[in-house]
Amino acid sequence: MPTNSPPDPRQFLPLTPAVFHILLALADGEKHGYGIMQEITNRTDGVVKVGPGTLYGSIKRMLADGWIEESDERPDAEMDDERRRYYRLTDIGQRVAQVEAERLAQLVTTAHERGLLRAPRPGGAG
Amino acid sequence: MSTQRLRHALSFSDRMYRLLLAGYPAAFRQRYGVEMAQVFRDCCRAAYRANGPLGLTLLWFPTLWDWALTAARERVSESLSRSNSMSDTTALDRQLGDVVWLMSASLRSGYSVLQTFETLAQESPEPTAGVFRAVVEEVKQGRSLVEILTDLQERIPSEPLRAVIGVMLKQRETGGNLAFMLEPMSASIREKMGSDAALYPALRKMAAHVGAALPEHVTKSD
């Protein structure tokens, strides 16, 4: 009998906003701490800003839970500071981010159905 | 001229932030301190380039907020994991059965969840006091209780406390009487984890305060 099946990612939901933003930032590739912060700030037009304490407190817990891991590779060794540590998503981290995104999408669908959100504009991005 | 001012401003902010890092537990600081200082330096440089000295000054407000919140959180987290590694049944777990009983009694007497947490933070021995002190502190700093409890549930190394928080979060989501939901948990946690006599003086005081009769095992210890 299998004894070490992967954990059900739904047991970790809901995620804190900071953790979900960090997982989203790493979804398209590995990044260092400041890269993660910049990605979050740019993606949210500066509405969400994660401070160094929140960032590394979350990184510590996600490393411990195996959702992310350190990467030895450097995207560009010439241009990059070798002291920086890069982080990337693991398979379980990716699954946790996926189920959280599905949970939030379900909430948005419900909000649409209850008339709390306007329908997407014709020809718009949605 | 401008480069020199930038260097001076960055160097001052860098020194100040490194001092603040002392507020984090040593293990956390050793592992992440260099990276945090480097990230903060990057933020300072970007803020200065965008808005000059004012930008750099304004960066300090969210940074201090972030520091106050996360340094306290990491200290509590570290003290909890240290106490957890000392024995299978932690001090927190041994206190939890009675803490849950008190929460239930307090809520039944009409006290709010936050008032109950404040009383526990003030009157309980450690480590219970530390956990509730951190929660109350974060509520006062404007975080929602659901967010704080979710966060606590993620990082706390105590299974029984995770279960208690799970019930509290469930009640927030679906409604229902939290006092009655917690009541049966108290005896079952105490049965599994035992009880901590260090909590009894505080328990007597708080029970008198909320007008509740003490559980039998506490009265027997008199």
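What you see is a predicted model, and the numbers here were worked out from it, not measured in a lab.

Draft legend 1. Broad picture of the overall build of chain A. What chain A contains, in helices and strands, is four helices and three strands. The helix and strand sequence of chain A, counted from the amino end, reads α-β-α-α-β-β-α. Here chain A holds 126 residues, and 39% of them are scored as buried. By sequence separation, contacts in chain A at least 24 residues apart represent 51% of the contacts at least 6 residues apart.

Draft legend 2. Structural context of the confidence of the model for chain A. Looking at chain A as a whole, the pLDDT averages 85, with 82% of positions reaching at least 70. The weakest mean pLDDT in chain A belongs to strand β2 (residues 68-71) of chain A at 92; the strongest belongs to helix α1 (residues 17-26) of chain A at 96.

Draft legend 3. Structural context of the interface of chain B and chain A. Chain B puts 23 residues into the contact, and the matching count from chain A is 25 residues. Overall, the association of chain B and chain A removes approximately 2,000 Å² of surface from exposure, summing both partners, and the carbon and sulfur fraction of that is 54%. Our enumeration of links across chain B and chain A arrives at nine residue pairs in polar contact (both at pLDDT 80 or more). Elements represented by at least two residues in the side of chain B that touches chain A include exactly α2 (26-86) and α6 (145-155) of chain B. With 16 residues, α2 of chain B is the largest single contributor of residues to the side of chain B that touches chain A. Across the side of chain B that touches chain A, the residue classes break down as nine nonpolar, four polar and ten charged.

Draft legend 4. Representation of the state of the cysteines in the model. All names here are of chain B. What the rule picks out here adds up to zero disulfides over all chains. Note on cysteine 43: no disulfide assigned, nearest cysteine sulfur contributed by cysteine 44 at a separation of 7.0 Å. By relative accessible area, which is 2% here, cysteine 44 ends up buried.

Draft legend 5. Layout of the nonpolar core. In this structure, Leu23 and Tyr56 of chain A are the most contacted members of the largest nonpolar core, which totals 46 residues. Elements represented by at least two residues in this core include exactly α1, α2 (33-43), α3 (52-65), β3 (86-89) and α4 (91-113) of chain A together with α1 (2-20) and α2 of chain B. In terms of residue count, α2 of chain B provides more of this core than any other element does, 14 residues in total. Among residues more than four places away in sequence, those in contact with leucine 23 of chain A are Leu15, Met62, Trp67, Ile68, Leu89, Gly93, Val96 and Ala97 of chain A. Counting residues in each nonpolar core, the second largest holds 44 residues, with Val131, Leu149, Val164 and Val210 of chain B among its members.

Draft legend 6. Fine view of the packing of aromatic side chains. Evaluation of the coordinates by the stated rule reveals seven aromatic pairs over all chains. Geometrically, the ring pair formed by phenylalanine 40 of chain B and tryptophan 60 of chain B is edge-to-face, given 5.0 Å between the ring centres and 65° between the ring planes. Of the two residues examined, phenylalanine 40 of chain B and tryptophan 60 of chain B, each falls in the buried class. Feature note: the residues Tyr56 of chain A together with Tyr24, Phe28 and Tyr32 of chain B constitute an aromatic cluster, connected by ring pairs.

Draft legend 7. Main features of the packing of α1 of chain A against α3 of chain A. All names here are of chain A. Where α1 meets α3, the closest approach of the two axes is 10 Å, and the angle between their N-to-C directions is 75°. By the criterion of interaxial angle, the relationship of α1 to α3 is roughly perpendicular. Residue-level inspection shows Ala18, Val19, Ile22 and Leu23 of α1 in contact with α3, the latter providing Thr54, Leu55, Ser58 and Met62. Residues belonging to the contact of α1 with α3 are distributed by class as follows: six nonpolar, two polar and no charged.

Draft legend 8. Looking closely at the confidence of the model for chain B. For chain B, mean pLDDT is 83; residues scoring 70 or higher make up 94% of the total. Of all secondary-structure elements in chain B, the lowest mean pLDDT belongs to helix α10 (residues 216-220) of chain B, at 70, while α2 of chain B reaches the highest, 88.

Draft legend 9. Region of the structure containing the pairing of β3 of chain A. Looking at chain direction, strand β1 (residues 31-32) of chain A and β3 of chain A are connected through two bridges and run antiparallel. Across the sheet, histidine 32 of chain A pairs through a bridge with tyrosine 86 of chain A, a residue of β3 of chain A.

Draft legend 10. Representation of helix α5 (residues 128-140) of chain B within the structure. Given a rise of 1.5 Å per residue, 13 residues ought to cover 18 Å, and the 19 Å separating the end C-alpha atoms of α5 of chain B matches this to within 8%. Glycine 142 of chain B lies just past α5 of chain B and shows a positive phi near 105°.

Draft legend 11. Just the pattern of salt bridges, in detail. Residue and element names in this part refer to chain B. The tally for this structure, following the rule as stated, stands at 25 salt bridges over all chains. Here aspartate 151 and arginine 73 are joined by a salt bridge, their closest N and O atoms 3.3 Å apart. Taken together, the positions of aspartate 151 in helix α6 and arginine 73 in helix α2 put the pair 78 residues apart, joining distant regions of the chain. Arginine 73 matches aspartate 151 in its accessibility class, with the two residues each being buried. Linking arginine 143 and aspartate 151 is a salt bridge whose minimum nitrogen-to-oxygen distance equals 3.5 Å. For the pair formed by arginine 143 and aspartate 151, the shared burial category is buried. Shared partners join several salt bridges into a network, and the residues in it are Arg73, Glu138, Arg143, Glu147 and Asp151.

Draft legend 12. Representation of the sheet that holds β2 of chain A in the model. Ordered in space as β1-β3-β2 (chain A), the three strands form an open sheet in which the pairing is antiparallel. Edge positions in the sheet fall to β1 and β2 of chain A, since each of these pairs with one other strand and no more.

Quick notes on the rules
- Residues numbered from 1 in each chain as written.
- Chains lettered and ligands numbered in written order.
- Predicted model: local features only at pLDDT ≥ 70, side-chain atom pairs only at ≥ 80, totals over all residues.
- Heavy atoms only, no water.
- Helix = DSSP H or I, 4+ residues; strand = E, 2+ residues; numbered from the N terminus.
- Buried < 20%, exposed > 50% of the residue type's maximum accessible area, 1.4 Å probe, protein only.
- Contact = heavy atoms within 4.5 Å.
- pLDDT = per-residue confidence, 0-100.
- Buried area = accessible area lost by both parts, 1.4 Å probe.
- Polar contact = N/O pair within 3.5 Å; in protein donor to acceptor, adjacent residues only side chain to side chain.
- Nonpolar A, V, L, I, M, F, W, Y, C, P; charged D, E, K, R; others polar.
- Disulfide = S-S within 2.5 Å.
- Core = buried A, V, L, I, M, F, W, Y, C linked by side-chain atoms within 4.5 Å.
- Phe/Tyr/Trp six-rings, centres within 6.5 Å; stacked < 30°, edge-to-face > 60°.
- Axes fitted to C-alpha atoms, helices over the stretch in contact; angles between N-to-C directions.
- Parallel < 35°, antiparallel > 145°, perpendicular 65-115°, else oblique.
- Pairing = 2+ DSSP bridges.
- Expected span 1.5 Å × (residues − 1).
- Salt bridge = Lys/Arg side-chain N within 4 Å of Asp/Glu carboxyl O.

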